[in-house]
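An overview of the molecular structure
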Amino acid sequence: MSTFTLLVNGEKHRIDADPGIPLLWALRDFLRLTGTKYGCGMGVCGACTVHEDGVPVRSCQIPLSATLGKTYTTIEGISADGTHPCQKAWLEEDVSQCGYCQAGMIMQAAALLRRKPQPTDQDIDSELSDHVCRCGTYQRMRRAIHRAAREVSQT
Amino acid sequence: MTATRREFLKAGTLAGAGLVIWLELPTSAAAQAAPIFEPSAYISITPDNVVRLWITRSEMGQGVRTTLPMMLNEELEADWAQIQYQQAMPGGHFKGIRLRTSGSGSTVGTYSALRKAGATAREMLIAAAAEKWNVPPSTCRAQQGKVIHSPSGRALTYGDLAQSAARQKVPDNPPLKNPKDFRVIGTRVKRTDGAPIVTGQATYGIDVRLPGMLCAVMARCPYLGGRLATFDAAKALATPGVRQVVPIKSGMAPGVAVVADHTWAALQGRDALHIDWDPGPHADFDSDRLLQQMEAALAQPGFFVRNDGDAPKAIQSCPRKLEATYEFPFQAHAPLEPMNCIADVRGNSCEIWVPTQAPERTQSEAARLLGIPEDSVQVHVTLLGGGFGRRLFVDYAVEAVELSRAIGHPVQLLWTRSDDMRFGYFHPNDLERIAGGLDESGRPLAWIQKSVGPDLSVIGLPSEKDLADPKYYFNDGSPWGSFDNPYNFPHLKADFVPLNSPVPTGPWRAVMYPPTVFARESFLDEMAHAAGQDPLEFRLHLLQPGDVLTVGYARIDRSRLLRVLQLAAEKADWKRPLAPTDGRLHGRGIACNVYDQDCYIAQVAEVSVGRQAGDIRVHRVVCAVDCGLVINPAGLEGQAESGIIWGLSATLHGRIDFKNGAAVQENFHDFEVIRMNESPAVETYIVPSEHPPGGFGETAVPPIAPAVANAIFAATGKRIRRLPIAPEKLKA
């Protein structure tokens, strides 16, 4: 057991835990941030995606020992009130079905838009294709990302 | 429209956490502000002007938290913003009301009841207002959450009227609207629960946290039908955070549960277990060998499924005969939220939080295991991170109950992805052999289809007594897709040879249709090409004269199938040839189906195949639908897109193999599914219909595999008869 200071969504949390515990389970079981989902546990479905210093990462693959000095953002912290352009566009395009993958998708899409404010369809393909949506909402997600990009460009 | 949620902030009890706990509980009826107006099990209206609707199906992405309120409010005339929804629980005042979510039945099964519930409440509210104003009820109308006295313009809100409405006589047959006057049904309504999903606040089963709750995972016997022999828990118990190690027998995959303070500790403890398994009787089971047995079984006589005319004799007389065999492998459901359940057994009662499609069965099986009355088991149905049929089984709930009883604590039992992939109730593998005969002028005369595979009876496997009846499968109407073959062959014969295996099977999205429709619609394409006819025209001829086919219990309106075929072809520009581009061959394919009598669908897929690599791209799918009255067109389009992606995953990637008695695939790296880069553009066109609503959660799945396979044939001349499609077969 070691003591870690985890910086998540602008708040510092002290956690006494095994250094090997993946960030995913620390977020879910210790910090109660259950918006970040467990889907595969091996970094192949994208449901657990969070931002590490602004870069999308698979939280199931990051041990607590690797979080030192990093800042993290989860779906709960991507906007104060659900008004991130991706969150708004997701509602406008009525994307979600079961919704379980969507937090990971939104985190990945938000990072794409920051890096590339006007993504092409090919950009979206290469950015989002490490994620799984079993309900198959890809077409609406694509539309939502383009919509969010338009909003970003207008503001 | 908002979800009712009560958030409890309590001191955390998970080890090392010391943080807040968050949980969502449906508000129980007793906790609501009294007195209330509760004209039926579905609705209550309180003086604070809130309309509460109990959702009597599980939300798993099909949109019941949107469509059910729409159907209710069509008659109720409340203000949409004043409706709150809560998830119904089995027992109590829902006794006798179905809560199970299956068979694309959420709309069909609630449409009449919800409209009646809405109309009943509306009439009683009007009666209450008329009484108060001392005017005839016929001079009052309900609108936007108010009753208005038309001549004077006086108005009272539903909240104002709740108490006096509760005293009114419940009408037996409240007047229902003429569908022509619908103002809610048929409009495009976005998901009511979208906001909590995109902000990470939606509570799936895996997200529920109870005070004092422990976390558990299981090591499961990898062999089908195997058992626990011995285990050594010493190292597991020495893992920090691990509390107990408990053998569990009640589920479909028995093993050893490791109970810990948090999930990661349980996972670490599981890895530290030393277990000897008794592999049981199926340790050498191999799905390739099962397939060989199935091929041999094609020669056996089967159970009668259909027999119109004399197909064996007619086919002998045909100058042109074809025969082909199609193969569909085992498939996993793999919803993205793995199986999980929280159980809290306390003495002679039990409380369960579970993402389930089968709340009643969860309650009854838990009660049976514990030997207590069903009423002593409370089942909270959470949001489901996908269901697809897997969550009709309650194995994962019952084992959580067994574990909670053993340790005397509330506990969440979580399946890992590998557990979920290897220990399912799989879609059965299947072989379909079809023979067809064409007469001198290329007209189809005879069709003989034989299905071989594990039985998949939704209501349970037939007994020996059942199977003594040669008409058992005909009466059961299965296999779907073969039994209800909509085409007008003068001679048609269908048989089924059940061949069971140790693999547990169960309904997957679209249940029995995917393999039979893949074979049927592919073979029709083969016959059309053999006859030198256009595959669309060939189908249109075979559906003449557009009459109603009656087979067993099923009534199939061929005119509705004709209409969707024509609409899909028109929108897809079927007649316009597709030119080859940049090293790729392009083609279109068409397929159609009738899902359980009342949902008619046709799809045209546009596909290209790399000339060298044989890689497949599905560019566009045009989908035409007649499923009767559509409650929410936006929801239907979503289900079309969803069903097509689901079916496409199985067409291009999905299969589960068994070697040495165990499932081979165990995660999304070896059980691949369609992702963004392979997702086609889907266009959905709805035929306006005055027929009653049909279910659409599964309808779009079956036609996509044959539509794609037929498109590949159009592009390359190569015929696909085995799924998933192997690109190496399409290489130059």
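Higher on the page you've got the structure.
As a starting point, this report considers the structure included with it.

Cut-offs and rules
- Residues numbered from 1 in each chain as written.
- Chains lettered and ligands numbered in written order.
- Predicted model: local features only at pLDDT ≥ 70, side-chain atom pairs only at ≥ 80, totals over all residues.
- Heavy atoms only, no water.
- Phe/Tyr/Trp six-rings, centres within 6.5 Å; stacked < 30°, edge-to-face > 60°.
- Lys NZ or Arg CZ within 6 Å of the ring centre and 35° of its normal.
- Helix = DSSP H or I, 4+ residues; strand = E, 2+ residues; numbered from the N terminus.
- Polar contact = N/O pair within 3.5 Å; in protein donor to acceptor, adjacent residues only side chain to side chain.
- Contact = heavy atoms within 4.5 Å.
- Pairing = 2+ DSSP bridges.
- Axes fitted to C-alpha atoms, helices over the stretch in contact; angles between N-to-C directions.
- Buried < 20%, exposed > 50% of the residue type's maximum accessible area, 1.4 Å probe, protein only.
- Buried area = accessible area lost by both parts, 1.4 Å probe.
- Salt bridge = Lys/Arg side-chain N within 4 Å of Asp/Glu carboxyl O.

1. Observations concerning the packing of aromatic side chains
Per the counting criterion, the structure on display carries 22 aromatic pairs over all chains. Among the aromatic residues, those joined into a cluster by ring pairs are F285, F330, F426 and F658 of chain B. Positioned above the aromatic ring of W646 of chain B, the side-chain terminus of R134 of chain A is 3.9 Å from the ring centre. The ring of W415 of chain B has R220 of chain B lying over it, and the distance from NZ or CZ to the ring centre is 3.8 Å.

2. Notes on the side chain of S608 of chain B
All names here are of chain B. Looking at the secondary structure, you find S608 in strand β30 (residues 599-610). One polar contact links S608 to R584, side chain to side chain, over a distance of 2.7 Å. Separated by 2.7 Å, the side chains of S608 and H619 make a polar contact. Those residues in contact with S608, other than ones at most four positions away along the chain, are R584, L585, H586, D615, I616, R617 and H619.

3. Considering the sheet that holds strand β25 (residues 444-453) of chain B
Residue and element names in this part refer to chain B. If you trace the five strands from one edge of the open sheet to the other, you get β18-β26-β25-β24-β19, paired in mixed fashion. Of all the strands in the sheet, just β18 (303-308) and β19 (320-328) have a single pairing partner and so form its edges. Taken pair by pair, the neighbouring strands of this sheet meet at an average axis angle of 10°, ignoring direction. Two elements, β25 and strand β26 (residues 491-498), share eight bridges in a ladder whose sense is parallel. Directly across from Q449, in β26, lies its bridge partner A494.

4. Here's the deal with the pairing of strand β20 (residues 340-346) of chain B
Residue and element names in this part refer to chain B. Counting buried positions along β20 gives six out of seven residues, so the element sits mostly inside the fold. Both β20 and strand β23 (residues 411-414) contribute to a ladder of four bridges, which runs antiparallel. Among the inter-strand pairings, I342 is bridged to a residue of β23, identified as Q412.

5. Regarding the interface of chain A and chain B
Contact residues are listed per partner, giving 52 residues for chain A and 67 residues for chain B. In total, chain A and chain B occlude about 5,000 Å² of area from one another, counting both sides; carbon and sulfur atoms represent 57% of this. Connecting chain A to chain B are four salt bridges. Here D29 of chain A makes a salt bridge to R209 of chain B, at a shortest N to O gap of 2.8 Å.

6. What about the sheet that holds strand β12 (residues 155-157) of chain B?
Residues and elements named next belong to chain B. With respect to topology, three strands assemble into an open sheet ordered β10-β11-β12, the strand pairing being antiparallel. Two strands lie at the open edges of the sheet, namely β10 (140-143) and β12, each paired on one side alone. Across the sheet, the mean angle from the axis of one strand to that of its neighbour is 20°, orientation sign disregarded. For strand β11 (residues 146-149) and β12, the ladder comprises three bridges, and the chain directions are antiparallel. Across the sheet, residue K146 finds its bridge partner in β12, namely T157. Contacts from helix α3 (residues 158-165) reach β10, β11 and β12, with the element oriented near 80° to β12.

7. Considering unusual backbone geometry
Backbone geometry follows two general trends: most residues other than glycine have a negative phi, and most peptide bonds adopt the trans configuration. The residue after Q544 of chain B, namely P545 of chain B, is reached through a cis peptide bond having omega 5°. For the peptide bond that leads from L723 of chain B to P724 of chain B, omega is -5°, which places it in the cis range. Phi is positive for D53 of chain A, which is not a glycine, with a value near 50°. Relative to the assigned elements, D53 of chain A resides in the loop between β3 (49-52) and β4 (55-58). By relative accessible area, which is 43% here, D53 of chain A ends up partly exposed. The phi angle at V511 of chain B is positive, at roughly 50°, despite the residue not being glycine. Its location among the elements puts V511 of chain B in the loop between β26 and α14 (513-530).

That is the geometry; function is a separate question.
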